[in-house]
Amino acid sequence: MKLLEKLCVTPGVPGREDRVAKLIQSEAKGLFDKFTTDAMGTLIAYRKARPAKGKKSSKKTKKVMLSCHMDQIGFLVRHIDEKGFLRVNAVGGFDTRNLFARLVTVCTKHGDLPGVMNPGGKPVHIASPEDRKKVPEIEELIIDMGLTADEVNDKVQIGDMVVIKAPFTEVGNMIVSQCLDNRIACWLGIRSIEKLKHHDCDIYVAFTVQEEVGCRGAGPAAAQIKPDIAITLDTTLCCDTPGVPGDMAITKAGEGAGLMVMDSGSITDLKLLEEFEAVGKKKKIKTQRTILPRGGTDSLAIQRKGEGYRVMTLVCGTRYIHTVTETINKDDLFACRDLLTAYLAQA
Ligand SMILES: [Zn+2]
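Parameters and conventions
Residues numbered from 1 in each chain as written. Predicted model: local features only at pLDDT ≥ 70, side-chain atom pairs only at ≥ 80, totals over all residues. Heavy atoms only, no water. Salt bridge = Lys/Arg side-chain N within 4 Å of Asp/Glu carboxyl O. Helix = DSSP H or I, 4+ residues; strand = E, 2+ residues; numbered from the N terminus. Buried < 20%, exposed > 50% of the residue type's maximum accessible area, 1.4 Å probe, protein only. Donors = N, O, S within 2.8 Å, 3.2 Å for Na, K, Ca; no water. Tetrahedral: all angles 85-135°; square planar, octahedral: opposite > 155°, others 65-115°. Pairing = 2+ DSSP bridges. Axes fitted to C-alpha atoms, helices over the stretch in contact; angles between N-to-C directions. Contact = heavy atoms within 4.5 Å. Domains from an automatic or database assignment. Buried area = accessible area lost by both parts, 1.4 Å probe. Nonpolar A, V, L, I, M, F, W, Y, C, P; charged D, E, K, R; others polar. Core = buried A, V, L, I, M, F, W, Y, C linked by side-chain atoms within 4.5 Å. Polar contact = N/O pair within 3.5 Å; in protein donor to acceptor, adjacent residues only side chain to side chain. Patch = residues over 30% accessible without salt bridge, like charges linked within 9 Å, V, L, I, M, F, W, Y side chains within 5 Å. Areas by Shrake-Rupley, 256 points an atom, 1.4 Å probe, with all protein chains shown as cover. Phe/Tyr/Trp six-rings, centres within 6.5 Å; stacked < 30°, edge-to-face > 60°.

**Student:** Honestly, the pattern of salt bridges in this entry has me stumped. Any pointers?
**Tutor:** Between side chains of opposite charge, a pair can form when the charged atoms approach closely. Taken as a whole, this structure holds 14 salt bridges when the rule is applied. A salt bridge links Lys271 to Glu275; the nearest nitrogen and oxygen atoms lie 3.9 Å apart. Of this pair, Lys271 and Glu275 both sit in helix α7 (residues 270–283), separated by 4 residues, roughly a single helical turn. On the basis of relative accessible area, Lys271 is assigned to the exposed category, the value being 53%. You can call Glu275 partly exposed: its relative accessible area is 27%. Among the charged side chains, a network of salt bridges with common partners joins Lys195, Arg337 and Asp338.

Structural data, given as structure tokens:
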């Protein structure tokens, strides 16, 4: 879990993924034959086929792409007021009900600085009953850096990244962090390859950018790789908690790796879905099929790029997604890793 923790505490919002990319490159050293970075910032890790000794194939070597988005939801500084309070613009969809009374990190050219984020307005003692019921919009949130306006203006610039400060921790058999979406995919893109001995396919792990603002990085990466098969790794909803009807659970914690049949952006290639399911059965790895009525992944951008690509979306059910306490069952995460390794070994 040490690697996942490192990935989760490294800030990287859409358009500001360079620190995460750097970390991945240093952690995955030796696993890949080549790293390249495209114009948008997507890091592509290439690993040439490594067939078992004595095994020769007359078939053309298949190209398999894994897509793992590096970005997390967060903010960019939008405005600094005359008193030195910051206002932010969201990059990715936070639920503002989760954004009261948060410690934040403002990442500036002069280093990472702490701040406190709250909606502007009155404390509970002096707020009217109407005020108390209101859910603030992102525009109404202010960040107090505890500095004078001059000090803030010296250090902070419009466009600086802001992330919430929240720990990576374990609760029972679950892991909790603010950006399991989608650092678990970055983790899977490293750990599944680490476990892989021989493979007949060429592997391209694309650590993509700007997924949370509309899957912007994955398409250009696919256009460059031209994969025979693309596998998107991501989190999905896990609403097996009180207050949600059973048919809306999407996935259930502890029920294994999620095979996304369809979401609102893409439909998984049926043959690929069945192949993953068969590998799971053979290797005794738990899988669960799922459909997400609203929401999409990098698969939507890859599938319809160029002449079109076959996509499979492999997901890990995540409770309280897009909050600062995203929660994942460890066995489900390991099931995703093992399924991916087993699939790549036979692809
Ligand atoms: Zn995601």
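**Student:** Is there a simple way to think about the coordination of the zinc ion in this case?
**Tutor:** The textbook angles at a metal center are 109.5 degrees for a tetrahedron of four donors and 90 or 180 degrees for an octahedron of six. For the zinc ion, the full set of protein donor atoms is His69 (NE2), Asp181 (OD), Asp234 (OD) and Asp234 (OD), at a range of 2.0 to 2.8 Å. Its 4 donor atoms give the zinc ion angles of 50 to 146° at the centre, a pattern that matches the irregular case. Written as a sequence motif, the donor residues of the zinc ion are H-x111-D-x52-D. Remark: Asp234 occurs in strand β13 (residues 229–237) and His69 occurs in strand β3 (residues 63–69); sequence separation between them is 165 residues. No difference in accessibility class separates His69 from Asp234, as the two residues are buried.

**Student:** What is the right way to read the sheet that holds strand β16 (residues 311–318) from this model?
**Tutor:** Either a parallel or an antiparallel arrangement is found when strands of a sheet pair, and the pairing is made through backbone hydrogen bonds. Read across the open sheet, the 8 strands follow the order β1-β2-β12-β3-β13-β16-β14-β15; overall the sheet is mixed. Where the open sheet ends on each side, the last strands, each with one partner, are β1 (34–37) and β15 (287–291). Averaged over all pairs of adjacent strands, the angle between strand axes in this sheet comes to 25°, irrespective of strand direction. As defined by bridge partners, β3 adjoins β13 across 5 bridges and the pair is classed as parallel. By the bridge assignment for β13, Ser67 is matched with Thr232. Packed on one face of the sheet, helix α6 (residues 218–225) meets β2 (43–47), β3 and β12 (202–208) and runs near 165° to β3.

**Student:** What exactly am I supposed to notice about the domain arrangement of the protein chain here?
**Tutor:** Often, the extent of an interface is quoted as the loss of accessible area on bringing the components together. According to the domain assignment, the protein chain contains domain 1 (2–72 + 178–346) and domain 2 (74–164). For domain 1 versus domain 2, the separation of C-alpha centres amounts to 32 Å. Contacts between the two partners involve 13 residues from domain 1, matched on the other side by 17 residues from domain 2. Contact with domain 2 buries area across many residues of domain 1, yet Val13, Arg16 and Val324 alone supply 38% of it, more than any other trio. Ionic pairing is found between Asp112 and Arg19, a salt bridge with its closest N-O pair at 2.8 Å. Per-class residue counts for the side of domain 1 that touches domain 2 are 5 nonpolar, 5 polar and 3 charged.

**Student:** What should I look at first to understand the nonpolar core in this one?
**Tutor:** Within the largest apolar cluster, 57 residues are counted, with the highest numbers of intra-cluster contacts made by Phe207 and Ile231. When neighbours within four sequence positions are excluded, Ile231 is seen to be in contact with Val64, Met65, Leu66, Ser67, Phe276, Met312, Leu314, Leu340 and Tyr343. Judged by nonpolar contacts, the second largest core, of 22 residues, contains Leu113, Ile138, Val152 and Val156.

**Student:** Mind showing me how you'd approach the side chain of Thr96 here?
**Tutor:** Here Thr96 is to be found in the loop between β5 (86–91) and β6 (102–108). A distance of 3.0 Å separates a polar atom in the side chain of Thr96 from the backbone oxygen of Pro136. If near-sequence neighbours (up to four positions away) are discounted, Thr96 is found in contact with Val135, Pro136, Glu137 and Ile138.

**Student:** Please clarify how the sheet that holds strand β17 (residues 326–329) should be interpreted in this entry.
**Tutor:** Ordered in space as β10-β11-β17, the 3 strands form an open sheet in which the pairing is antiparallel. Only two strands of the sheet have a single partner each, and these edge strands are β10 (169–171) and β17. Between one strand axis and the next, the sheet turns by 30° as a mean value, whatever way the strands run. Here 4 bridges tie strand β11 (residues 174–177) to β17, and the two strands are oriented antiparallel to one another. By the bridge assignment for β17, Ser177 is matched with Glu326.

**Student:** So what exactly am I meant to see when it comes to a nonpolar patch on the surface here?
**Tutor:** Judged by side-chain polarity, Met262, Ile267 and Ile291 come together as a nonpolar surface patch covering roughly 260 Å² of accessible area. Summarising the element assignment, Ile267 is placed in the loop between β14 (257–262) and α7. Relative accessible area serves as the criterion here: at 52%, Ile267 is assigned to the exposed category.

**Student:** Just to check I follow, could you spell out the packing of aromatic side chains for this structure?
**Tutor:** Pairs of aromatic rings are described using the distance from one ring centre to the other and the angle between the two planes. Going through the model one piece at a time under the given rule, you end up with 5 aromatic pairs. Between Tyr46 and Tyr204, the ring centres sit 4.9 Å apart and the planes meet at 45°, which makes this aromatic pair tilted. Of this pair, Tyr46 sits in strand β2 while Tyr204 sits in strand β12, and the two are 158 residues apart along the sequence. With centroids separated by 6.2 Å and ring planes inclined at 35°, the aromatic side chains of Trp187 and Phe334 adopt a geometry described as tilted. Of the two residues, Trp187 sits in helix α5 (residues 180–194) while Phe334 sits in helix α9 (residues 330–346), which places them 147 residues apart along the sequence. Residue class for Trp187 comes out buried when judged on its relative accessible area of 3%.

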